[in-house]
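# Fold and contact review
Each chain, letter by letter, is given below.
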Amino acid sequence: LVLVGRASILIKGLSNRLNIPWSLSQEWAPIARDVLNEKFVDVPVEKGEGNRVRFRDVWVTVKQWGKGKGTAVVRKLPSPLRTRVAGVILKIQDRKARRSMQQKS
């Protein structure tokens, strides 16, 4: 139990620092209910789509977090550097738009 406690505190601290809501009790609640249920029989638990964490969902969360952190960092830069960073971002977006237009043609 000590290792579980330490791991949950570590994960809670990381999720708090990254501004990602996470609760061990919410993650383990369905399993605990099944175990504590009087009618619980040694039957495998069905894994539905709603219970699984998909890599795509994690990736979207990481991208949103990264954009937020990147925006915060850029806002703290001096004005000349912000202008340069904005120019680079616009060039990258322009290249992506051109590539997508070429692929559609």
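Because the structure is a prediction, the values reported are computed rather than measured.

## Observations concerning the overall build of the chain
Counting its secondary structure elements, the chain contains four helices and zero strands. Reading the chain from its N terminus to its C terminus gives the helix and strand order α-α-α-α. Across the 105 residues in the chain, those meeting the buried criterion constitute 4%. Surface summary for the chain: the accessible area is close to 10200 Å², and the carbon and sulfur share equals 60%.

## Observations concerning a nonpolar patch on the surface
Where nonpolar side chains cluster on the molecular surface, the patch consists of V4, W28, I31, V35 and L36 and spans about 530 Å² of accessible area. At four residues, helix 2 (residues 24-36) tops the list of elements feeding residues into the nonpolar patch. Topologically, V35 is positioned in helix 2. Judged by relative accessible area, V35 falls into the exposed class, the value being 53%.

## A short note on helix 1 (residues 2-17)
Taking 1.5 Å as the rise per residue, helix 1 with 16 residues should run 22 Å; its terminal C-alpha atoms sit 23 Å apart, in good agreement. Phi turns positive one or two residues past the end of helix 1, at N19, with a value near 60°.

## Structural notes on the confidence of the model for the chain
Looking at the chain as a whole, the pLDDT averages 82, with 86% of positions reaching at least 70. Per-element mean pLDDT across the chain ranges from 80 in helix 2 up to 92 in helix 4 (residues 79-104).

## Considering the packing of aromatic side chains
Tallied over the full model, the rule gives one aromatic pair. Geometrically, the ring pair formed by F55 and W59 is stacked, given 6.4 Å between the ring centres and 20° between the ring planes. Remark: W59 and F55 occur in helix 3 (residues 55-76); sequence separation between them is four residues, near one turn of the helix. Look at F55 and you get exposed, because its relative accessible area is 65%. Relative accessible area serves as the criterion here: at 46%, W59 is assigned to the partly exposed category.

## Quick word on unusual backbone geometry
Look at N19: it is not a glycine, yet its phi comes out positive at around 60°. Structurally, N19 can be placed in the loop between helix 1 and helix 2. On the basis of relative accessibility, which here comes to 60%, the residue N19 falls in the exposed class.

## A few points about the side chain of S8
Along the chain, the position of S8 falls in helix 1. In terms of polar contacts, S8 uses its side chain to reach the backbone carbonyl oxygen of G5, at 2.9 Å. Once residues lying within four places of it in the same chain are set aside, the contact partners of S8 are W22 and L24.

Cut-offs used in this document
Residues numbered from 1 in each chain as written. Predicted model: local features only at pLDDT ≥ 70, side-chain atom pairs only at ≥ 80, totals over all residues. Heavy atoms only, no water. Helix = DSSP H or I, 4+ residues; strand = E, 2+ residues; numbered from the N terminus. Buried < 20%, exposed > 50% of the residue type's maximum accessible area, 1.4 Å probe, protein only. Areas by Shrake-Rupley, 256 points an atom, 1.4 Å probe, with all protein chains shown as cover. Patch = residues over 30% accessible without salt bridge, like charges linked within 9 Å, V, L, I, M, F, W, Y side chains within 5 Å. Salt bridge = Lys/Arg side-chain N within 4 Å of Asp/Glu carboxyl O. Expected span 1.5 Å × (residues − 1). pLDDT = per-residue confidence, 0-100. Phe/Tyr/Trp six-rings, centres within 6.5 Å; stacked < 30°, edge-to-face > 60°. Polar contact = N/O pair within 3.5 Å; in protein donor to acceptor, adjacent residues only side chain to side chain. Contact = heavy atoms within 4.5 Å.

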